[in-house]
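# A closer look at the structure
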Amino acid sequence: MAGDWSGSTGLGDSWDESEPLVRPYAVTRGRTAPAVPLELVALVATTDSGMAAIRRRGRLAPEEHDIAILCMRIHSIAEISARLKLPLMVVRVLIDDMARDGMVSVHRPENPDRPSPELLRRVLHGLTRL
Amino acid sequence: MVSPVSKRAPTAVKVLVAGGFGVGKTTFVGSVSEIEPLTTEAALTSASLGVDDTSAVHGKTTTTVAMDFGRLTLSNNIILYLFGTPGQDRFWFMWDELVRGAIGAVVLVDTRRMADSFPAIDFFENRRVPFLVAVNRFDANTYEYPLPMVRNAADLAPHRPLMYCDARRPDSAQTTLVHLVRHALELALSGDLPDEP
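Residues numbered from 1 in each chain as written. Chains lettered and ligands numbered in written order. Predicted model: local features only at pLDDT ≥ 70, side-chain atom pairs only at ≥ 80, totals over all residues. Heavy atoms only, no water.

### Describing the sheet that holds strand E3 (residues 43–46) of chain A
Residue and element names in this part refer to chain A.
- Strands sit in the order E4-E3-E5 across an open sheet of three strands; the sheet is antiparallel. With partners counted over all chains shown, the strands left at the sheet margins are strand E4 (75–76) and strand E5 (104–107), one partner each.
- On the sheet, helix H4 (residues 88–100) packs against E3 and E5 and is oriented at approximately 115° with respect to E5. (Pairing = 2+ DSSP bridges. Helix = DSSP H or I, 4+ residues; strand = E, 2+ residues; numbered from the N terminus. Contact = heavy atoms within 4.5 Å. Axes fitted to C-alpha atoms, helices over the stretch in contact; angles between N-to-C directions.)

Shown next as structure tokens:
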């Protein structure tokens, strides 16, 4: 049932660099925030830098540390919120900051409005093979 | 340079599970989920009503609604998230976030309280979100309505998939999901969907 990546750690470094991981940021009042809030199912994975930051104590705020540990296996924004008992709004801000600092990679849905027929075919294929 | 095929990042998709209170939404989510269903507190803000995001920073209203969800990893690097929609009907107009990007919705119906699921049907019809209606036979004593009667009572369009399911059984819930995705694909290919939900 689990995908190929499920047992690995530090997934961020294995992603295809050519795929868009984080969209352009709009900078407001010294803090960055994506123009559109991260989707509930945007996927987050701790990068090599994030792994290094976990080992060097004090580099990450406590909540960021927890996120970096959790996302050694890939988790969605909704899962991070539920697992760490943090409000979604807080998770979004933290992930924004961590992505900007290179601690995590974020993979947002390919088409935020509606899945493409190609993606629907892949989902259908995957579901019928369970 | 890494290969785009072998190193493809996982893709996440979502399906909504809706219906009246106590119709079996969380049971459905739990029976196909590979994890114990989780609960997140979603803050639904006035920004969800189409107000510009940045302008909504000041004086926005926030309501917190609990959502149950589960996760199913498909073999081809796709993670399917199932979200049980919040039970309170009065928050439905704020559901933009859940609906946006969703494959579609499974609307569960309990024939003893069929009308409880009508608001969900109306909602997805109005928003032109792909959905199907699944009559949950979770109780052996449930009086079984013939599906044409259910279609008639719920005023469902002829093309709208309507089926029985048993939310407690993973194979039944999975079959329901297959029908939903197939329906969403047919609609997408027929060009019968707006660009934005």
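### Concerning the pattern of salt bridges
- Throughout the structure, instances matching the rule amount to ten salt bridges over all chains.
- A salt bridge links A:Asp113 to B:Arg100; the shortest N-O distance between them is 3.3 Å. With one member in each of two chains, A:Asp113 in the loop between E5 and helix H5 (117–128) and B:Arg100 in the loop between helix H2 (96–99) and strand E5 (104–109) form a pair that bridges those chains.
- The class for B:Arg100 is partly exposed, based on a relative accessible area of 29%.
- The closest approach of N and O atoms between B:Arg112 and B:Asp110, which form a salt bridge, is 3.2 Å.
- Since its relative accessible area comes to 1%, B:Asp110 is described here as buried. (Salt bridge = Lys/Arg side-chain N within 4 Å of Asp/Glu carboxyl O. Buried < 20%, exposed > 50% of the residue type's maximum accessible area, 1.4 Å probe, protein only.)

### Description of the environment of B:Glu41
- Positionally, B:Glu41 belongs in strand E2 (residues 38–45).
- Sequence spacing of B:Glu41 and B:Asp166 is 125 residues, and the spatial spacing of their C-alpha atoms is 28 Å.

### Re the pairing of E3(A)
Residues and elements named next belong to chain A.
- Residues Leu43 and Ala45 point to one face of E3 and Val44 and Thr46 to the other, with burial holding for every one of them.
- For E3 and E5, the ladder comprises four bridges, and the chain directions are antiparallel. In the strand pairing of E5, Thr46 is matched with Val104.

### Some thoughts on the packing of helix H3 (residues 77–84) of chain A against H4(A)
Residues and elements named next belong to chain A.
- Two numbers describe how H3 lies on H4: the axes approach to 9 Å, and their chain directions differ by 115°. H4 is crossed by H3, and the crossing has right-handed handedness. Contacts between H3 and H4 involve Ile77, Ala78, Ile80 and Ser81 from the first element and Leu88, Val91, Arg92 and Ile95 from the second. (Left-handed = near helix turned anticlockwise from the far one by under 90°.)

### Focus: helix H1 (residues 48–55) of chain A
- Listing the buried residues of H1(A) in full gives A:Gly50, A:Met51, A:Ala52, A:Ala53 and A:Ile54.
- Against E3 and helix H2 (62–70) of chain A lie the buried residues of H1(A).

### Structural notes on the nonpolar core
- A:Ile95, B:Phe83 and B:Phe124 are the most contacted members of the largest nonpolar core, which totals 60 residues.
- Broken down by element, this core gets its largest block of residues, six residues, from H4(A).
- The residues contacting B:Phe124, other than those within four sequence positions of it, are B:Leu16, B:Ala18, B:Trp95, B:Val99, B:Ala105, B:Val107, B:Val129 and B:Phe131.
- B:Leu74, B:Ile78, B:Leu80 and B:Leu108 belong to the second-largest nonpolar core, a separate cluster that totals 32 residues. (Core = buried A, V, L, I, M, F, W, Y, C linked by side-chain atoms within 4.5 Å.)

### With respect to H2(A)
Residues and elements named next belong to chain A.
- All of the buried residues along H2 are Glu64, Ile67, Ala68 and Leu70. All buried residues of H2 fall inside an arc of 165° around its axis, so they share one side.
- Here the buried face of H2 lies against E3, H1, E4, H3 and H4. (Arc of directions from axis to C-beta.)

### Section: the packing of aromatic side chains
All names here are of chain B.
- Under the defined criterion, the tally for this structure stands at three aromatic pairs over all chains.
- For the ring pair Phe69 and Phe83, a centre distance of 5.2 Å and an interplane angle of 25° mean the geometry is stacked. Linking Phe69 in strand E3 (residues 62–74) with Phe83 in strand E4 (residues 78–84), this pair joins segments that are 14 residues apart in sequence.
- A centroid spacing of 6.2 Å and a plane angle of 35° characterise the contact between Phe124 and Phe131, whose relative ring orientation is tilted. (Phe/Tyr/Trp six-rings, centres within 6.5 Å; stacked < 30°, edge-to-face > 60°.)

### Quick word on the confidence of the model for chain B
Residue and element names in this part refer to chain B.
- In this model, chain B carries a mean pLDDT of 82, and residues with pLDDT of at least 70 account for 74%.
- When the elements of chain B are averaged for pLDDT, E2 gives the smallest value, 72, and helix H5 (residues 170–189) the largest, 97.
- This stretch, residues 1–7, has a pLDDT under 50; its non-local contacts, to residues over four places away or in other chains, come to eight contacts.
- For the stretch residues 46–58, pLDDT sits under 50, and the model shows 14 contacts to residues farther than four places along the chain or on other chains.
- Per the prediction output, this complex has pTM 0.80; the corresponding ipTM is 0.83. (pLDDT = per-residue confidence, 0-100.)

### Description of the side chain of A:Thr46
All names here are of chain A.
- Following the sequence through the fold, Thr46 ends up in strand E3.
- Thr46 sits in the buried class, given a relative accessible area of 0%.
- In this structure the side chain of Thr46 is engaged in a polar contact, spanning 2.6 Å, whose partner is the backbone oxygen of Ala68. (Polar contact = N/O pair within 3.5 Å; in protein donor to acceptor, adjacent residues only side chain to side chain.)

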